[in-house]
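Chain by chain, the residues:
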Amino acid sequence: DQALPTLVVALLPVGLRGLVVAGLIAALMSSLSSVFNSCSTLITLDIYKKLRPETPERRLVLVGQLSTVVLVALGLAWIPLMSNISGVLYQYLQSVQAYISPPIAAVFLLGISWSRLNATGAMASLLTGFGLGMGRLVLELNKDSLSGLLEWYATINFLNFAAILFVICSVVLIVVSLLTRPPEADKVAGLTFRTADEAAVGGETDDARWHSDPAWRKRDVWMSVVVVTLVAIVMLYFSNLFFG
């Protein structure tokens, strides 16, 4: 954590030091503003306006502003808990993403691959992933007082946890979708590989012909296999499972 401050304070010359600090502050403000803007928009339009559709624009703006203030306060209140999850900032950021991203990745990747999956399965998968991820986060904050299975659950490497959570969410998505009604054809038209191919047959545009070309599709599949293989090798290497 001290590498960057040391570089900026001790090694960079005067002038360039100020430029680097200004760039860091600008990047930080840009990231924070985009996050707060997105969250306040979700709260205002997807929750508040759904509950009160007749709300005037001035009230919606006020709700968005108050939501931003609340989010900033919650973010500041969370800072003392960060060190309990990880003493390294970068590892903390990656570990928290590992608790949130797997269910979203499972729903997206499987959703574009198989048209049989439905909204009920997707919601069950997202809720399962959210519950398991937040449970891991809460247990990790209290890991010193745990033992047995709960201790393993709270201390397993976050990359391994992300892989396990992805598998669990995928299974929940498939099982719940198969046990419930299939989605209507018009709701998945063009959203999966299969329905995109069906829509591209007989198309007049270059994009349609590109999607229906078996050679291009085969190339995409092999490139995807290569990417997944490389990611698996890197993960196995750094987890020391097979490379001592």
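What you see is a predicted model, and the numbers here were worked out from it, not measured in a lab.

Q: Help me understand the pattern of salt bridges, please; the structure alone is not making it clear to me.
A: Proximity of charged atoms lets side chains of opposite charge pair with each other. Taken as a whole and judged by the stated rule, the model has two salt bridges. For Asp220, the salt bridge identified is with Arg219, shortest N-O distance 3.3 Å. Note on Asp220: relative accessible area 24%, which makes it partly exposed.

Q: Quick question: what am I supposed to make of the packing of aromatic side chains here?
A: Each aromatic ring pair is characterised by the separation of its centres together with the angle its planes make. Summed over all chains, the structure comprises two aromatic pairs. Both rings, one in Tyr99 and one in Phe161, keep their centres 5.5 Å apart while their planes meet at 85 degrees; by these two values the pair is edge-to-face. Separated by 62 residues along the polypeptide, Tyr99 in helix α4 (residues 89–111) and Phe161 in helix α7 (residues 158–179) bring together distant segments of the chain. Here Tyr99 and Phe161 have matching classes, each one buried. On the numbers, 5.6 Å between centres and 80 degrees between planes, the contact of Tyr153 with Phe161 is edge-to-face. When sorted by exposure, Tyr153 lands in the same class as Phe161, which is buried. Through successive ring pairs, a cluster of aromatic residues spans Tyr99, Tyr153 and Phe161.

Q: Help me understand the nonpolar core in this model?
A: Soluble globular proteins tend to bury their nonpolar side chains together. Among the nonpolar cores identified, the biggest contains 14 residues, and Ala98, Tyr99, Leu139 and Phe161 are the most heavily contacted of them. Elements represented by at least two residues in this core include exactly α4, α5 (119–141), α6 (148–155) and α7. When sequence neighbours within four positions are dropped, the list of residues in contact with Phe161 reads Ala98, Tyr99, Leu132, Gly133, Arg136, Tyr153 and Ile156.

Q: Is there a simple way to think about α7 in this case?
A: Spacing of three or four residues puts side chains on the same side of an α-helix, whose turn is 3.6 residues. In a regular helix each residue adds 1.5 Å, so 22 residues correspond to 32 Å; α7 covers 31 Å between its end C-alpha atoms and thus fits that length. When we look at burial in α7, the residues that qualify are Phe158, Phe161, Ala162, Leu165, Cys169, Ser170, Val172, Leu173 and Ser177. Structurally, α7 contributes buried residues whose contacts are with α4, α5 and α6. Regarding α7, its N-cap is Asn157, as a side-chain oxygen of that residue lies 2.8 Å from the backbone nitrogen of Leu159 further along.

Thresholds, definitions, all that
- Residues numbered from 1 in each chain as written.
- Predicted model: local features only at pLDDT ≥ 70, side-chain atom pairs only at ≥ 80, totals over all residues.
- Heavy atoms only, no water.
- Salt bridge = Lys/Arg side-chain N within 4 Å of Asp/Glu carboxyl O.
- Buried < 20%, exposed > 50% of the residue type's maximum accessible area, 1.4 Å probe, protein only.
- Phe/Tyr/Trp six-rings, centres within 6.5 Å; stacked < 30°, edge-to-face > 60°.
- Helix = DSSP H or I, 4+ residues; strand = E, 2+ residues; numbered from the N terminus.
- Core = buried A, V, L, I, M, F, W, Y, C linked by side-chain atoms within 4.5 Å.
- Contact = heavy atoms within 4.5 Å.
- Expected span 1.5 Å × (residues − 1).
- Polar contact = N/O pair within 3.5 Å; in protein donor to acceptor, adjacent residues only side chain to side chain.

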